[in-house]
Amino acid sequence: MKKWIPMEKRSKKEQKAYYSAQRGSWNGVIPVTKLIPNKKAYNRKKKLRGEDIPNAVFSFVCVAFLC
């Protein structure tokens, strides 16, 4: 039978192994606090309307006038 040794007297490696075995899993939950962005603040990274399909209007105009 192993003799019980207090945690303070164990080596750092044994303490780390003990505490890591005690910890559980978050099962896919990210424990980071989420920040909600200010909707009134200017955002440089936000896409403007029409930037996602810039050639669609041009091709529509070309096709409409060529026909």
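Further up the page is the structure itself.
Residues numbered from 1 in each chain as written. Predicted model: local features only at pLDDT ≥ 70, side-chain atom pairs only at ≥ 80, totals over all residues. Heavy atoms only, no water.

This brings us to the overall build of the protein. Regarding its fold elements, the protein presents two helices and zero strands. Relative to its full complement of 67 residues, the protein shows a buried share of 3%. Of the roughly 7900 Å² that the protein leaves accessible, carbon and sulfur atoms contribute 61%. (Helix = DSSP H or I, 4+ residues; strand = E, 2+ residues; numbered from the N terminus. Buried < 20%, exposed > 50% of the residue type's maximum accessible area, 1.4 Å probe, protein only. Areas by Shrake-Rupley, 256 points an atom, 1.4 Å probe, with all protein chains shown as cover.)

Per the stated rule, a full pass over the model turns up one aromatic pair. For the ring pair Y18 and Y19, a centre distance of 5.4 Å and an interplane angle of 70° mean the geometry is edge-to-face. Its relative accessible area of 35% is what places Y18 among the partly exposed residues. Lying across the ring of Y18, R10 places its NZ or CZ 5.7 Å from the centre. (Phe/Tyr/Trp six-rings, centres within 6.5 Å; stacked < 30°, edge-to-face > 60°. Lys NZ or Arg CZ within 6 Å of the ring centre and 35° of its normal.)

Moving on, we come to unusual backbone geometry. Backbone geometry places N27, a non-glycine residue, at a positive phi of 55°. Inspection of the secondary structure assignment puts N27 in the loop between α1 (12-22) and α2 (54-66).

Moving on, we come to the side chain of Q15. Secondary-structure assignment places Q15 in helix α1. When sequence neighbours within four positions are dropped, the list of residues in contact with Q15 reads M7, E8 and R10. (Contact = heavy atoms within 4.5 Å.)

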